[in-house]
Amino acid sequence: SHLVDWSVQDCEILLEKNPMHAMARYRLAELWIKNGEKLDEAKRLLDVVVKSEPELNKGQIQLLLGDREYCGKKYNEALEHYAAASEVNPYSVEVMIKMGLCYEKMREFDDAIRCFKKGLRRDKTSFLATYRLGCVYIRNNQKDKGLAKLQEAYAMNPEDLSLL
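Since the model is a prediction, treat every value here as computed from it, not as a measurement.

A look at the overall build of the chain
Phase 1 of the analysis: The secondary structure content of the chain amounts to nine helices and zero strands.
Phase 2 of the analysis: Taken from N to C terminus, the helices and strands of the chain fall in the order α-α-α-α-α-α-α-α-α.
Phase 3 of the analysis: Each principal axis of the C-alpha atoms in the chain carries an extent, and together these give about 60 × 30 × 25 Å.
Phase 4 of the analysis: In the chain, buried positions account for 41% of the 164 residues.
Phase 5 of the analysis: Within the chain, residue pairs in contact and separated by at least 24 positions form 39% of the contacts whose partners lie at least 6 positions apart.
Phase 6 of the analysis: Summed over its atoms, the accessible surface of the chain is roughly 9400 Å², and 52% of this surface lies on carbon and sulfur atoms.

As for the environment of Leu133
Phase 1 of the analysis: Among the secondary structure elements, Leu133 is positioned in helix α8 (residues 127–139).
Phase 2 of the analysis: Between the alpha carbons of Leu133 and Gly59 there is a distance of 24 Å; along the sequence they are 74 residues apart.
Phase 3 of the analysis: Not counting residues up to four positions away in its chain, the partners in contact with Leu133 are Ile113, Phe116, Lys117, Leu120 and Lys149.

Overview of the packing of helix α2 (residues 22–34) against helix α4 (residues 58–71)
Phase 1 of the analysis: For the pair α2 and α4, the least separation of the axes is 9 Å and the interaxial angle reads 30 degrees. Considered as vectors, α2 and α4 are oriented roughly parallel to each other. For α2 against α4, the interelement crossing comes out left-handed. In this structure, α2 contributes Tyr26, Glu30 and Ile33 to the contact, and α4 contributes Gln60, Ile61, Leu64, Asp67, Arg68 and Cys71.
Phase 2 of the analysis: Its residues assigned to classes, the contact of α2 with α4 comprises five nonpolar, one polar and three charged.

Describing the nonpolar core
Phase 1 of the analysis: Within the largest apolar cluster, 23 residues are counted, with the highest numbers of intra-cluster contacts made by Tyr82, Val95, Met99, Cys102, Phe116, Leu133 and Val136.
Phase 2 of the analysis: Those elements giving two or more residues to this core turn out to be α5 (75–88), α6 (93–105), α7 (109–122) and α8.
Phase 3 of the analysis: Residue contributions to this core peak at seven residues, all from α6.
Phase 4 of the analysis: In this structure, Cys102 is in contact with Tyr70, Tyr75, Ala78, Leu79 and Tyr82, ignoring residues within four places of it in sequence.
Phase 5 of the analysis: Core analysis: the second largest hydrophobic core is formed by 17 residues, Cys11, Leu15, Ile33 and Leu64 among them.

A closer look at the side chain of Asp67
Phase 1 of the analysis: You can see Asp67 is positioned in helix α4.
Phase 2 of the analysis: The exposure class of Asp67 is buried, given its relative accessible area of 14%.
Phase 3 of the analysis: The contact partners of Asp67, leaving out residues within four places of it in the chain, are Ile33, Tyr82 and Lys98.

Rules behind the numbers
- Residues numbered from 1 in each chain as written.
- Predicted model: local features only at pLDDT ≥ 70, side-chain atom pairs only at ≥ 80, totals over all residues.
- Heavy atoms only, no water.
- Helix = DSSP H or I, 4+ residues; strand = E, 2+ residues; numbered from the N terminus.
- Buried < 20%, exposed > 50% of the residue type's maximum accessible area, 1.4 Å probe, protein only.
- Contact = heavy atoms within 4.5 Å.
- Areas by Shrake-Rupley, 256 points an atom, 1.4 Å probe, with all protein chains shown as cover.
- Axes fitted to C-alpha atoms, helices over the stretch in contact; angles between N-to-C directions.
- Parallel < 35°, antiparallel > 145°, perpendicular 65-115°, else oblique.
- Left-handed = near helix turned anticlockwise from the far one by under 90°.
- Nonpolar A, V, L, I, M, F, W, Y, C, P; charged D, E, K, R; others polar.
- Core = buried A, V, L, I, M, F, W, Y, C linked by side-chain atoms within 4.5 Å.

See the structure below:
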């Protein structure tokens, strides 16, 4: 089966049978981070994966480590991991959005705007980058730009009632 279909229980069963199963470790850490659970254990698992599987996508692992820090509200640490992920995959819109979210949480709105704009240069159809850019403009007292971006986001995704 596909890695994305593996549940926490699937990973735990695989790891009981084969404690060195790198993909099970990676997926289990990913699930814990996405659920905001066992963040320290998730980091430990990812550290083992990085050391034992040098051919794995380091950018994806850095993204996960950044997500772990973001969940723990350690935004500067998250930014370090996202920056490392950006070095591996310099065209990732996802990385720019995550960096922008960190800056937004730290109320560093100019840096957040820079990241969301960079994400949109990479993919001008990114709903999330457009939406977050609109929100940050408003928080940064640039209401006209913010409303324009939110209207643009709404036009991309008119079914999303949260934008009304």
